[in-house]
Amino acid sequence: MNFLTLRLDTTPAEHARLCALQAAFAEVCNHLAPVARDTRCWNRVALHHLAYRSLRERFPRVGSQMVCNAIYSVSRTCRIVYQSPESPFNLARNPGAPLALIRFGEQAPVYFDRHTLNLKAGRLSMFTLDGRMKFSAALSAETEERFKHDKLLEIMLFAREHQFHLSFRFAPSPEHHDAEQDSLPAGLPSYINVVAASQPAPLRIHS
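Residues numbered from 1 in each chain as written. Predicted model: local features only at pLDDT ≥ 70, side-chain atom pairs only at ≥ 80, totals over all residues. Heavy atoms only, no water.

Asker: Account for the packing of aromatic side chains, naming residues and giving values.
Answerer: In total, this model carries two aromatic pairs according to the counting rule given. Plain terms: the ring middles of tryptophan 42 and tyrosine 82 are 4.8 Å apart, the flat faces sit at 40° to each other, and that makes the pair tilted. Of this pair, tryptophan 42 sits in the loop between helix 1 (12-39) and helix 2 (44-58) while tyrosine 82 sits in helix 3 (residues 64-83), and the two are 40 residues apart along the sequence. When the ring of tyrosine 72 is compared with that of tyrosine 111, the centres are 5.3 Å apart and the planes differ by 80°; the resulting orientation is edge-to-face. With tyrosine 72 in helix 3 and tyrosine 111 in strand 3 (residues 110-112), this residue pair connects regions lying 39 residues apart in the sequence. (Phe/Tyr/Trp six-rings, centres within 6.5 Å; stacked < 30°, edge-to-face > 60°. Helix = DSSP H or I, 4+ residues; strand = E, 2+ residues; numbered from the N terminus.)

Asker: Give me the pattern of salt bridges: which residues, what numbers.
Answerer: Pairing is possible between side chains of opposite charge, provided their charged atoms come close. Summed over the entire model, instances satisfying the criterion amount to five salt bridges. Note that aspartate 38 is salt-bridged to arginine 37, the shortest N-O span being 3.0 Å. Under the relative-accessibility criterion, aspartate 38 is labelled partly exposed at 45%. (Salt bridge = Lys/Arg side-chain N within 4 Å of Asp/Glu carboxyl O. Buried < 20%, exposed > 50% of the residue type's maximum accessible area, 1.4 Å probe, protein only.)

Structure below.
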């Protein structure tokens, strides 16, 4: 299987820290989404060059690598909304029309990478706004080997029924897959709200 999901057993204090991280991550995404729309730039590398410096200045607590992960999240979501054939906001259906605005909800997932989350000797260490948080991870020897040798495409923190989970997506063929090129899920994610260009735009977060 290419997916692995772990439930995090958190204390109330740890749960609050993860909620704070989730809220901050969504705020970064909501600040960046209008930029991607207005410039029609959602290639991850190009968007990074366009917005990284200003995001780091505005959101210093989020950290450099988490800003990169937020850029990835916005890039990924823009491709779903503006390019997926199933999306009603697909550019090809209305060429030249104003683009809808993407808004990330409170339950939007937080994306991690090997810099912001690592696994060693059955312990998970993950970035939060208040320093690293560590959890026990009872993994089989086979699963731990996958973390060492397989290409990890995505790490996603999400909340379900008041509990946090981590989802890991591995490349089925490490030498031929890349996260930017990998297929996207069909349909729009439930954690985003897309405001059509004909509707009043939500309040934009200004510097």
